[in-house]
Amino acid sequence: MDVPEIPSVVTAFLLEYIESYEELEILLLLRLEATEVWSETRISDRLGLSAALTADAISTLIARGLVKRQGERPRCVFAPCPEALDEAVTALARSYTSQRLEIVKLMHSNAIKRMRTEALRAFSDAFVLRKDDD
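Source: prediction; values computed, not measured.

Asker: Go over the pattern of salt bridges, please, and point to the residues and values.
Answerer: In this structure the tally under the stated criterion is four salt bridges. Between Glu23 and Arg64 there is a salt bridge whose closest N-O contact spans 3.2 Å. Taken together, the residues Glu23 in helix 2 (residues 21–32) and Arg64 in the loop between helix 4 (51–63) and strand 1 (67–70) connect sequence positions 41 residues apart. A relative accessible area of 5% places Glu23 in the buried class. Here Arg64 falls in the partly exposed class, since its relative accessible area comes to 23%. We note a salt bridge from Arg42 to Glu36, for which the minimum N-O separation is 2.6 Å. Residue Arg42 is classed as partly exposed on the basis of its relative accessible area, which comes to 35%.

Asker: Can you break down the pairing of strand 1 residue by residue, with the values?
Answerer: In terms of strand pairing, strand 1 meets strand 2 (residues 75–78) through four bridges, oriented antiparallel. By the bridge assignment for strand 2, Gln70 is matched with Arg75. Where strand 1 folds back onto strand 2 in an antiparallel hairpin, the turn is made up of four residues, including Gly71, whose phi is positive at roughly 85 degrees.

Each value, and the rule that gives it
Residues numbered from 1 in each chain as written. Predicted model: local features only at pLDDT ≥ 70, side-chain atom pairs only at ≥ 80, totals over all residues. Heavy atoms only, no water. Salt bridge = Lys/Arg side-chain N within 4 Å of Asp/Glu carboxyl O. Helix = DSSP H or I, 4+ residues; strand = E, 2+ residues; numbered from the N terminus. Buried < 20%, exposed > 50% of the residue type's maximum accessible area, 1.4 Å probe, protein only. Pairing = 2+ DSSP bridges.

If you want it as structure tokens, here you go:
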């Protein structure tokens, strides 16, 4: 059985915006339940994530313009900015439903690429000559 290729918009979106499984699951939950406003505790309970992982993932999603907080008692809502990201998230949700394993493999591959890039950057920085302040 041939597995369809992951759409390029999904591949690009994952590479640029999503670094962890927690971020992916939270984003898809908030998108699916877009009419509701979610507390971090409720998200954590629903997905079976620790409070710390949930808070970190939400902060990252907010910084990337995918989620925002609302209200006096902060609640999280799906709010992609720019709105064009909504199309990418919709394509991601569709692909994740039918190609979950392939999406997870792609995320794993992206994580390895990021680690290699950071390792190369750290290695090259070790050889940068810096001027002493003395």
